[in-house]
Amino acid sequence: MKHCTAWILTAFVVVSANNALAAEGDAKRGGKPYRACVACHSLKPGVHLTGPSLAGLWRHPAGKVKEFVRYSSGLKSADFRWDADTLNAWLADPNAMVPGTYMIFRGIENDQARSDLIAFLEIAMAPGGAKAVVHQGLMPSEHARGQQPESLSGAPENAQVSSIRHCADSYFITTADGRQTPYWEMNVRLKVDSRSTGPAPGQPVVAGAGMMGDRISVIFSSLDELKQLVEDKC
Ligand code: HEC
């Protein structure tokens, strides 16, 4: 019996040592796999894109960033903290860890790339992480910021919308330079950008939504403004 216990203990130590080895990541290399995250995440506190800001989440409970209101029910009700082990499972296959998650990401299969990324995240997700990773040369500052949409204030006249009406299957959009352009209704996206860098109140702007020029996005500063400014009139 004694012999058996010793054997189990030895096996346990060997397995643990292997895990430790697998977890040996290089934060410097981890900046590269992190590029897959910047479209959806910022490291700056309070900057939420498709996904929540990752600022300060290391060792913090999952799914609990207060101002982020788009969590899946699975992540919102999760009861664990972000550390090397939980991130390892999440980044290998988010949907296997939290079924039904809204993080549409197929996962990182390569063990070494995942370990490197986690070593990077240990710095990036600590308080002050956005500055630390840039300061330590792990990543350029635009990646720390995440791919935030451009600021919409100060748009030129031909991008400022003065009126917008819907008639039959079309929108007729007039810009501040006096030009009116018709668009097929299916090619127009009406959006709201409530960030401080969004359009000024009362001054919606247009942004091309495709390469062809026959598609367009109109961006309002609030939903109220959208309701008020779009009229049904032929
Ligand atoms: C296509 C957009 C997208 C990409 C790419 C993406 N994420 Fe996410 N991420 C999300 C969304 C959306 C959520 C919220 C998921 C939910 O509520 O189920 C999330 C949640 C998270 C969380 C949990 C946050 C919390 O508050 O608990 C972490 C950690 C995370 N992502 C890390 C990463 C990392 C690291 C990468 C890059 C390898 C990455 N994500 C790539 C969209 C994305």
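For the structure itself, consult the block above.
Here the structure is a predicted model, which means the values were calculated and not measured.

Criteria and thresholds
Residues numbered from 1 in each chain as written. Predicted model: local features only at pLDDT ≥ 70, side-chain atom pairs only at ≥ 80, totals over all residues. Heavy atoms only, no water. Donors = N, O, S within 2.8 Å, 3.2 Å for Na, K, Ca; no water. Buried < 20%, exposed > 50% of the residue type's maximum accessible area, 1.4 Å probe, protein only. Helix = DSSP H or I, 4+ residues; strand = E, 2+ residues; numbered from the N terminus. Pairing = 2+ DSSP bridges. Salt bridge = Lys/Arg side-chain N within 4 Å of Asp/Glu carboxyl O. Arc of directions from axis to C-beta. Contact = heavy atoms within 4.5 Å. Polar contact = N/O pair within 3.5 Å; in protein donor to acceptor, adjacent residues only side chain to side chain. Core = buried A, V, L, I, M, F, W, Y, C linked by side-chain atoms within 4.5 Å.

Asker: Explain the coordination of the iron atom of the ligand residue by residue, including any values.
Answerer: Taken together, the protein donors to the iron atom of the ligand comprise His41 (NE2) and Met103 (SD), at separations of 2.0 to 2.2 Å. On the basis of relative accessibility, which here comes to 24%, the residue Met103 falls in the partly exposed class.

Asker: Describe the pairing of strand S2 (residues 170-175), with residues and values.
Answerer: The side chains of a regular strand alternate, first on one face of the sheet and then on the other. The element S2 is largely enclosed, with a buried count of 6 among its 6 residues. Judged by which residues are buried, S2 turns out to be covered on both faces: Ser170, Phe172 and Thr174 on one side and Tyr171, Ile173 and Thr175 on the other are all buried. Note: strand S1 (residues 161-167) against S2, 6 bridges, orientation antiparallel. Its bridge partner being in S2, His166 is matched across the sheet by Tyr171. Connecting S1 to the antiparallel partner S2 that follows it, the hairpin turn spans 2 residues, and Ala168 within it adopts a positive phi of roughly 55°. Where S2 lies against strand S3 (residues 180-184), 5 bridges are found, and the strand directions are antiparallel. Residue pairing across strands places Ile173 opposite Thr181, the latter belonging to S3. Between S2 and S3, which follow one another and run antiparallel, lie 4 residues, and Gly178 among them has a positive phi close to 90°.

Asker: Could you give an account of the pattern of salt bridges, with specific residues and numbers?
Answerer: Following the criterion strictly, the structure yields 5 salt bridges and no others. One salt bridge in this structure joins Arg29 and Asp26, with 3.8 Å as the shortest N-O distance. Given a relative accessible area of 28%, Asp26 falls into the partly exposed group. Counted as one network, the salt bridges with shared partners bring together Asp26, Arg29 and Asp116.

Asker: Mind laying out helix H4 (residues 84-92), listing which residues take part and the relevant values?
Answerer: For H4, the set of buried residues is Thr86, Leu87, Trp90 and Leu91. The buried residues of H4 occupy an angular sector of 120° when the element is viewed end-on, so they sit on one face. Where H4 is buried, its residues touch helix H3 (73-76), helix H5 (94-97) and helix H6 (111-124). If you check the start of H4, you find a side-chain oxygen 3.0 Å away from the backbone N of Asp85, and it comes from Asp83.

Asker: With reference to specific residues and values, describe the nonpolar core.
Answerer: Ranked by internal contacts, the top residues of the largest apolar core, which has 32 residues, are Tyr34, Leu43, Leu87 and Phe120. Elements represented by at least two residues in this core include exactly H4, H6 and helix H7 (129-135). It is H6 that provides the largest number of residues to this core, a total of 6 residues. Among residues more than four places away in sequence, those in contact with Leu43 are Tyr34, Ser53, Leu54, Ala55, Ala124, Ala130, Val133, Met139 and Ala144. Listed in part, the 16 residues of the second largest apolar core include Ala159, Val161, Tyr171 and Val218.

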